[in-house]
Every structure is written in structure tokens, then in C-alpha cells.
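# Analysis of the macromolecular model
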Amino acid sequence: RDQIIERQESVSYLHESHMRLTTLRDLLKPIGDVHRIISRITTSRATNPRDMLALKHILMQLPDLKATQDASHENLLNTLLAEIEPLPELLSEIDQAVADESPTHLRDGGVIKEGYDAELDKLRHLSLHGKEWLVNFQAEEAIKHDIKNLKIRYNRVFGYYIEVSKSQLDRVPSHYIRKQTL
């Protein structure tokens, strides 16, 4: 009974304080379904990058929500607002890591911002510019070892390999490993 009365008093207070109600509505509107988002994240079912962006929006609103606490009125609403703990470190980490325009699915990539992780940036660059790198590597190896007909090829058995004609065999460096002779 006490809990019901306490809840009714909070609702009544908000009904009487239209300005505070409007402020709370404005702060809660961009947040969405907090319970769903938090439960997806805590149960490791947040497979959608937008769940992390939704968490970011929640975290952004927490300081402002806490600031709406009214010390002059003791009610359930103020008790709940007092329990809010803004997490600026987590907000900062998500803001630095997750791209604002994240795709709907993880498989589409582009979730992590460029510049957040050097290794990821390097792998992205290779993914986007891998063919250019192979062409440059082939040219560098041909010049470095003076092998004019050095070619980089690919097949399903060996993957990428370096092909050298038999006439240039004496120029092949010792660190190359012979896989096949034709």
C-alpha cells in the first residue's frame, strides 16, 4: 500500500508541476527503450551497432536527468533521480570508438571509428588498398633482386606466391621458399 501511495504522490506532483514534467519528457524522449537496450547489452545480445549508439544517447542524458532532482520535495521520483550515476568514462569510450553513422549490421563494417585502433586502421587500409600494395610489392621485389619477370600470383592451393622463370633462378634470394617447379 505504501508503495502505491508513494507512486501516486509522484504522479500527482508531476501533474501539478507542468514545467518539470515537460523537462523530463524532453530528456527521456531521445533515449528510447532503456530496459531493452541495457538487457541486450548485459546479456551479450547487442549484435546491432545501433544498440551501442542508443546506450550513448542514454548516457548523454543522465547528467541532465540527475540535475532535475528537486531537493525541496521528497518523493519516489527524486529518490530515483538521486540514484542515477552518470558514467562519463563509458560515454567517452563509446563516443571515441563507435562511429556515429554505424550500419545496421556488424557484417557491414564501419562500426569502429577510424583512428580509434591503429591495428584496425592498418587492416582496413590493407583491405581497401590490398591490390595496390601487391603491385608495389611485386615491383619492389623485382627491382631489389634484379628479377625482371618476377610475378605475384594467386591460386587456391598456395594462396599468394611469387613466380620466377627458370632463367632467373640464380637471382632468387635464399629466404624465398620453393613450393613448386614447372
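Residues numbered from 1 in each chain as written. Predicted model: local features only at pLDDT ≥ 70, side-chain atom pairs only at ≥ 80, totals over all residues. Heavy atoms only, no water.

## Some details on the overall build of the chain
Operational definition: Each helix corresponds to a stretch of at least 4 residues labelled H or I by DSSP, and each strand to a stretch of at least 2 residues labelled E; elements are numbered beginning at the N terminus. Accessibility here uses a 1.4 Å probe with only protein chains present; expressed as a share of the type maximum, an area under 20% marks a residue as buried, one over 50% as exposed, and anything in between as partly exposed. Should any heavy atoms of two residues lie within 4.5 Å, those residues are counted as being in contact. For the accessible areas, the method is Shrake-Rupley and the probe is 1.4 Å, while residue cover comes only from the protein chains on display. The sign given to each residue is positive for Lys and Arg and negative for Asp and Glu; His and the chain ends receive no count. In plain terms, the charge of a residue is placed at NZ if it is Lys, CZ if Arg, CG if Asp and CD if Glu.
Along its length, the chain carries seven helices and two strands. Helices and strands appear in the chain in the N-to-C order α-α-α-α-α-α-α-β-β. Relative to its full complement of 182 residues, the chain shows a buried share of 25%. Taking as baseline every contact in the chain between residues at least 6 positions apart, the subset at least 24 positions apart corresponds to 43%. Of the roughly 13700 Å² of accessible surface on the chain, a fraction of 55% belongs to carbon and sulfur atoms. Averaged over its 25 positive side-chain charges, the chain has a centre that lies 13 Å from the centre of its 28 negative ones.

## So, the side chain of Arg20
Along the polypeptide, Arg20 turns up in helix H2 (residues 18–28). In this structure Arg20 touches Tyr13, Leu14, Thr68, Gln69, Asp70, Leu77, Asn78 and Leu81, once residues within four positions along its chain are discounted.

## Quick notes on helix H6 (residues 88–97)
How we decide: Think of the arc as the fan of directions from the helix axis to the C-beta atoms.
For H6, the set of buried residues is Leu91, Ile94 and Ala97. Angularly, the buried residues of H6 cover 145° about the axis, an arc narrow enough to put them on a single face. Of the exposed residues in H6, the ones pointing more than 90 degrees away from its buried face are Pro88 and Glu89. On its buried side, H6 packs onto helix H4 (49–67).

## Quick notes on the nonpolar core
To keep things clear, this is the line we draw: Only buried Ala, Val, Leu, Ile, Met, Phe, Trp, Tyr and Cys residues count toward a nonpolar core, and they belong to the same one when joined by side-chain atoms within 4.5 Å.
With 22 residues, the main nonpolar core has Leu14, Leu59, Leu65 and Val98 as its most contacted residues. Sorting the residues of this core by element identifies helix H1 (2–16), H2, H4, helix H5 (76–82) and H6 as the ones contributing at least two each. Among residues more than four places away in sequence, those in contact with Leu59 are Leu87, Leu90, Leu91 and Ile94.

## Overview of the side chain of Ser10
Definition in use: Distance and chemistry together define a polar contact, namely a pair of N or O atoms within 3.5 Å, with one atom able to donate a hydrogen and the other to accept it when in protein, and with adjacent residues in sequence counting only for side-chain atoms on both sides.
Structurally, Ser10 is set in helix H1. A distance of 3.3 Å separates a polar atom in the side chain of Ser10 from the backbone nitrogen of Leu77. Residues within four places of Ser10 in sequence aside, it is in contact with Asn75, Leu76 and Leu77.

## Re the pattern of salt bridges
As a reminder of what qualifies: Only one rule defines a salt bridge in this text: a Lys or Arg side-chain nitrogen within 4 Å of an Asp or Glu carboxyl oxygen.
Per the stated rule, a full pass over the model turns up eight salt bridges. Residue Asp121 is joined to Arg124 by a salt bridge in which the shortest nitrogen-to-oxygen separation is 3.7 Å. Here Arg124 and Asp121 lie together in helix H7 (residues 118–144), a separation of three residues that amounts to about one turn. One salt bridge connects Lys144 with Glu141, and the closest N-O pair in it is separated by 3.3 Å. Here Glu141 and Lys144 lie together in helix H7, a separation of three residues that amounts to about one turn. Lys144 sits in the exposed class, given a relative accessible area of 59%. With relative accessibility at 6%, the residue Glu141 sits in the buried group. Several salt bridges converge on common partners, so that one network encompasses Lys56, Asp95 and Asp100.

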